[in-house]
Amino acid sequence: MTATRRVLCLCGSLRRVSSNRAALEAARQLAPPSLELLPYDGLATLPLFNPDDERDPLPTAVLALREAVGRADALLVACPEYAHGVPGAFKNLLDWLVGSLEFPGKPVLLLNTSARGSTHAQEALAEILRTMSACLLAPAPVPVALPGAGCTVDQVLASTDRCAELQAALDVLADIPPER
């Protein structure tokens, strides 16, 4: 019997109706029993990163983030591109993980939810994650061609093509070796 793998889902968008969040929620609904996808909802609560604050006691929101990452067997990241880059709020989240003991070596799978094929933020995000000692599970983000802002979970799940793309991502996560 295979143990259930815990996958923390990190959305790089603060939008109330976010295509990236919709993709992560659709993946959660499509996940097989061997994968437990857990949404992280604390992005907006993280304080701005300041190295002077990276000491005991850590801010409560930062401690919760690090604990969630530590409990996860892998991370699934869906992050939009703003002005050809990683959104500031999500970069702030990553900055809080740089000095953590929970993150290095963590398996990470990236989703690219842009139907336009945006690559600038995805390339920057992969570089940041490699610098942070993440174990990227695929050489490129898994494409999930969503129409853009305002896409809902129901719209994602209604598309056979989008579900197949998300299933490809779930297959990668399901293939993580058990020793991770």
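Every chain is numbered independently, its residues counted from 1 as its sequence is written. Note on the predicted model: pLDDT of at least 70 is required for a residue's local features to be given, and 80 or more for side-chain atom pairs to be given and counted; whole-chain, interface and lining totals, by contrast, use all residues. Each side-chain value is derived from all of the structure's non-hydrogen atoms; neither hydrogens nor water enter the calculation.

Going by the annotation in an unreviewed UniProt entry, the name recorded for the chain is NAD(P)H-dependent oxidoreductase, with Rhodanobacter glycinis given as the source organism. Quoted verbatim from the Cofactor (unreviewed entry) field of UniProt, the annotation for the chain is "FMN". UniProt positions are given in the numbering used here, feature names are shortened, and annotations may be inferred rather than shown by experiment.

1. Some points on unusual backbone geometry
The residue after D56, namely P57, is reached through a cis peptide bond having omega -5 degrees. Strands here are runs of E lasting at least two residues and helices are runs of H or I lasting at least four, both read from the DSSP assignment and numbered beginning at the N terminus. Tracing the backbone through its elements, the reader meets P57 in the loop between β2 (35-39) and α2 (60-71). Phi angles above zero are rare outside glycine, and S133 is one such case at about 70 degrees. Of note, S133 is situated in the loop between α4 (120-131) and β5 (135-136). Only protein chains enter the accessibility calculation, which uses a 1.4 Å probe; a residue is then buried when its area is under 20% of its type maximum, exposed when over 50%, and partly exposed in between. You can call S133 partly exposed: its relative accessible area is 40%.

2. Thoughts on the nonpolar core
What tends to happen in soluble globular proteins is that the nonpolar side chains get buried as a cluster. Formed by 30 residues in total, the largest nonpolar core has its most connected members in F90, L93, F103, L125 and L129. Of all elements in the fold, only β1 (5-11), α2, β3 (74-78), α3 (88-98), β4 (107-114) and α4 reach the threshold of two or more residues within this core. We call two residues in contact when some of their heavy atoms are within 4.5 Å. With residues up to four places along the chain from it excluded, the contact list for L125 reads V77, C79, V86, F90, L94 and L110. Judged by nonpolar contacts, the second largest core, of 27 residues, contains A22, L111, V156 and L170. What makes a nonpolar core is a set of buried Ala, Val, Leu, Ile, Met, Phe, Trp, Tyr and Cys residues whose side-chain atoms join them at distances within 4.5 Å.

3. Describing the environment of E127
Position of E127 among the secondary structure elements: in helix α4. N or O atoms closer than or at 3.5 Å make up a polar contact, with two conditions inside protein: a donor-capable atom paired with an acceptor-capable one, and, for residues adjacent in sequence, both atoms drawn from side chains. For E127, the side chain forms a polar contact with the side chain of R130, separated by 3.4 Å.

4. Things to note about the packing of aromatic side chains
Only rings of Phe, Tyr and Trp enter the pairing, Trp through its six-membered ring, and a pair is recorded when the two centres are within 6.5 Å. The plane angle decides the type: under 30 degrees is stacked, over 60 is edge-to-face, the rest tilted. As enumerated under the stated definition, the model contains one aromatic pair in all. The interplanar angle of 85 degrees and the centroid separation of 5.0 Å between the aromatic rings of F49 and W96 together place this pair among those described as edge-to-face. Of this pair, F49 sits in the loop between β2 and α2 while W96 sits in helix α3, and the two are 47 residues apart along the sequence. Given a relative accessible area of 0%, W96 falls into the buried group.

5. Notes on the environment of A83
Along the chain, A83 turns up in the loop between β3 and α3. Between the C-alpha atom of A83 and that of P57, which follows or precedes it by 26 residues, the distance is 35 Å.

6. Section: the pattern of salt bridges
Two side chains bearing opposite charge may form a pair once their charged atoms approach each other closely. By convention in these notes, a salt bridge is any Lys or Arg side-chain nitrogen within 4 Å of a carboxyl oxygen on Asp or Glu. The final tally for this structure, using the stated rule, is six salt bridges. The partner of E54 in a salt bridge is R66, with the nearest N and O atoms 2.5 Å apart. With E54 in the loop between β2 and α2 and R66 in helix α2, this pair connects stretches of sequence that are 12 residues apart. We classify R66 as buried; its relative accessible area is 8%. Notably, a salt bridge pairs R162 with E165, separated by 2.7 Å at the nearest N-O pair. Taken together, the positions of R162 and E165, both in helix α6 (residues 160-174) and three residues apart, correspond to about one turn of that helix.

7. Digging into the side chain of N112
In this fold, N112 is placed in strand β4. A polar side-chain atom of N112 sits 3.1 Å from the main-chain amide nitrogen of S114.

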